[in-house]
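A closer look at the structure
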Amino acid sequence: MDISSLIILSFALAADAFAVSLCKGFSVKELKLKHYLIVGLYFGGFQALMPAIGYTLGASFGSFVEKIDHWIAFILLGAIGSKMIQESFKNDSCKENSNLFDFKTMIALAIATSIDALAVGVSFAFLKVDLFIALLCIGVITFIMCILALKIGSKFGTYLKSKAEFLGGAILIFLAVKILFEHLS
């Protein structure tokens, strides 16, 4: 996977966390530095951690599926992208607890928004990916996107939430097709 695809993938994976951060920004009366750090570190950290776990899982059975690895990456990325697009059409506004930044709330949100990154990590095991660069890129981009979303959410509300989820899903589907096409041609 080339660096441009990795950067695009990182933005797509950050879409869920971006959407949640928009809600958090919308629900907090006064944002402080600690809010930015909490959101950025939880979401960015888990978006980087989950692909590492997925990579480890994928590498452990990688030799068994080497001949179909591109199909696995295609299916995983396509399914995650489709799910994100489907969720973008749901008319759910920000949850009542969006203004909570405690450990229990943040850990649950960080895990929930990074499950797709776990599956992407499995596909990394089958692709030529520099894992350190991938994890760094995913974590940093998610961190920055969530900080921006928190600020945007405090100014504009949740208007962008569904658009971010839709765009993230569309990008993942595009990458899935690109990977499949590259391996079949």
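Please refer to the structure higher up on the page.
Residues numbered from 1 in each chain as written. Predicted model: local features only at pLDDT ≥ 70, side-chain atom pairs only at ≥ 80, totals over all residues. Heavy atoms only, no water.

Comments concerning the pattern of salt bridges
What counts is decided by this rule: Here a salt bridge means any side-chain nitrogen of Lys or Arg lying within 4 Å of a carboxyl oxygen belonging to Asp or Glu. Helix numbering and strand numbering both begin at the N terminus, where a helix is a DSSP run of H or I of at least 4 residues and a strand a DSSP run of E of at least 2.
Counted according to the given criterion, the structure contains 2 salt bridges. Lys178 is paired through a salt bridge with Asp2; the nearest N and O atoms lie 3.9 Å apart. With a gap of 176 residues between them, Lys178 in helix H6 (residues 161–184) and Asp2 in the segment before helix H1 (3–27) connect regions that are remote in the sequence. A salt bridge links Lys178 to Glu182, with the nearest nitrogen and oxygen atoms 3.2 Å apart.

Details of the environment of Lys151
Using the following cut-off: For each residue, the accessible area found with a 1.4 Å probe, counting protein chains only, is set against the maximum for its type, and the residue is called buried under 20%, exposed over 50%, and partly exposed in between. In this analysis, two residues are considered to be in contact whenever any of their non-hydrogen atoms come within 4.5 Å of each other.
Residue position: Lys151 is located in helix H5 (residues 131–156). Residue classification places Lys151 among the partly exposed positions, given a relative accessible area of 40%. Once the C-alpha coordinates of Lys151 and Ala112 are considered, the two residues, 39 residues apart in sequence, prove to be 22 Å apart. Not counting the four nearest positions on each side in its chain, Lys151 is found in contact with Leu31 and Tyr36.

Section: a nonpolar patch on the surface
Let me state the cut-off plainly: Like charges within 9 Å and nonpolar side chains (Val, Leu, Ile, Met, Phe, Trp, Tyr) within 5 Å are joined into patches, using only residues over 30% in relative accessible area that form no salt bridge. Method for areas: the Shrake-Rupley scheme with a 1.4 Å probe, in which residue coverage is limited to the protein chains shown.
Together, Ile3, Ile7, Phe11, Phe132, Ile133, Leu136, Val140, Ile144 and Leu148 line one region of the surface with nonpolar side chains, adding up to about 800 Å² of accessible area. No other element matches H5, which puts 6 residues into the nonpolar patch.

Thoughts on the packing of aromatic side chains
Working definition: an aromatic ring pair is given by the centre-to-centre distance plus the angle between the planes. Stated formally: Pairing of aromatic side chains requires ring centres within 6.5 Å, counting the rings of Phe and Tyr and the six-membered ring of Trp. Pairs whose planes differ by under 30 degrees are stacked, by over 60 edge-to-face, and all others tilted. Placement of a charge over a ring requires the Lys NZ or Arg CZ to be within 6 Å of the ring centre, with the centre-to-atom vector within 35 degrees of the ring normal.
This structure, assessed with the given rule, holds 3 aromatic pairs. With a centroid separation of 6.0 Å and 90° between ring planes, the pair formed by Trp71 and Phe74 is classed as edge-to-face. Here Trp71 pairs with Phe74, and both are found in helix H3 (residues 69–88), just 3 residues apart, close to one helical turn. A cation over a ring is seen here: Lys24 above Phe101, with NZ or CZ 4.7 Å from the ring centre.

Comments concerning the environment of Ile173
One can find Ile173 in helix H6. Taking C-alpha positions, Ile173 is 4.7 Å from Gly78, a pair spaced 95 residues apart along the chain. When residues no more than four places from it in sequence are discounted, the contact partners of Ile173 are Leu77, Gly78, Gly81, Ser82 and Ile85.

A short note on the nonpolar core
As a reminder, the rule being used: Think of a nonpolar core as a cluster: buried Ala, Val, Leu, Ile, Met, Phe, Trp, Tyr and Cys residues, connected wherever their side-chain atoms sit within 4.5 Å.
Within the largest apolar cluster, 31 residues are counted, with the highest numbers of intra-cluster contacts made by Leu9, Leu77, Val120, Phe124 and Leu172. Among the secondary structure elements, those contributing two or more residues to this core are H1, H3, helix H4 (103–124), H5 and H6. Here this core takes 8 residues from H1, the largest share from any one element. Leaving out residues up to four positions away in the same chain, Leu77 has contacts with Leu9, Val120, Leu172, Ile173, Leu175, Ala176 and Ile179. Counting 14 residues, the second-largest nonpolar core is a separate cluster that includes Val20, Leu31, Met106 and Ala110.

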